[in-house]
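# Residue-level structure breakdown
Chain residues, written in single-letter form:
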Amino acid sequence: MAKPAALTTPDGRYIVVRGRLWRAADPGLSEADRTRHVAALMDGRRSVAAARRAGDSLAEQAARDAVDAAKHALGERGPVWWTDGASDLNRHMARTTPYAAWFAAAADTSDDTQ
């Protein structure tokens, strides 16, 4: 069974996980760039897990740095990718942001938002 798609704010800037906003990847990236950066992100995450299992703190930090670089490249961290001057609400609870009314309505129809 396929994993359900993440709840995404109407403007596409965030996905919602357990009621918290997380910045979405920059939709302006080409498909090739997005694919390349997502692959680097997944490689980094696997490397973090392997380093933790091995108890190698230096390798773990290097892997975490690779994850961070991939997230910056995707636009999920660092400067925001939108240009209208709106604040970055990354990691805020959706119910305490300007998305609150939208989130309340969406939460009524989705079990994955809580």
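From a predicted model like this one, the values you see are computed outputs, not experimental measurements.

Calculation notes
- Residues numbered from 1 in each chain as written.
- Predicted model: local features only at pLDDT ≥ 70, side-chain atom pairs only at ≥ 80, totals over all residues.
- Heavy atoms only, no water.
- Helix = DSSP H or I, 4+ residues; strand = E, 2+ residues; numbered from the N terminus.
- Contact = heavy atoms within 4.5 Å.
- Areas by Shrake-Rupley, 256 points an atom, 1.4 Å probe, with all protein chains shown as cover.
- Pairing = 2+ DSSP bridges.
- Core = buried A, V, L, I, M, F, W, Y, C linked by side-chain atoms within 4.5 Å.
- Buried < 20%, exposed > 50% of the residue type's maximum accessible area, 1.4 Å probe, protein only.
- Phe/Tyr/Trp six-rings, centres within 6.5 Å; stacked < 30°, edge-to-face > 60°.

### Re the overall build of the protein chain
- Within the protein chain one finds three helices and three strands.
- When the helices and strands of the protein chain are placed in sequence order, the string is β-β-β-α-α-α.
- Taking the contacts inside the protein chain whose residues are at least 6 apart along the sequence as the reference set, 62% of them involve residues at least 24 apart.
- As displayed, the protein chain has an accessible area near 7400 Å², and 54% of this comes from carbon and sulfur atoms.

### Let's talk about the sheet that holds strand β3 (residues 20–23)
- Strands sit in the order β1-β2-β3 across an open sheet of three strands; the sheet is antiparallel. The open sheet has two edge strands, β1 (7–8) and β3, and neither has a second partner.
- As defined by bridge partners, strand β2 (residues 14–17) adjoins β3 across four bridges and the pair is classed as antiparallel. Looking across to β3, one finds that V17 is bridged to R20.

### A look at the nonpolar core
- Formed by Y14, V16, L21, W81, W82, L89, A94, Y99, F103 and A107, the largest nonpolar core amounts to 10 residues.
- Counting residues per element, the ones that place at least two in this core are β2 and α3 (100–107).
- By size, the runner-up hydrophobic cluster in this structure holds six residues, among which are V48, V67, A70 and L74.

### Observations regarding the pairing of β3
- The two faces of β3 differ: L21 and R23 on one face are buried, but R20 and W22 on the other face are not.
- The antiparallel hairpin formed by β2 and β3 contains two residues in its connecting segment, where R18 sits at a positive phi of about 50°.

### Observations concerning the packing of aromatic side chains
- A full pass over the atoms with the stated rule returns five aromatic pairs.
- Arranged with centres 5.1 Å apart and planes meeting at 85°, the rings of W81 and W82 form a pair that is edge-to-face. The residues W81 and W82 share a single accessibility class, namely buried.

### Digging into unusual backbone geometry
- The phi torsion at R18 lies on the positive side, around 50°, for a residue other than glycine.
- Of note, R18 is situated in the loop between β2 and β3.
- Located in the positive-phi region is R91, a residue other than glycine, with phi close to 75°.
- Along the chain, R91 falls in the loop between α2 (57–74) and α3.

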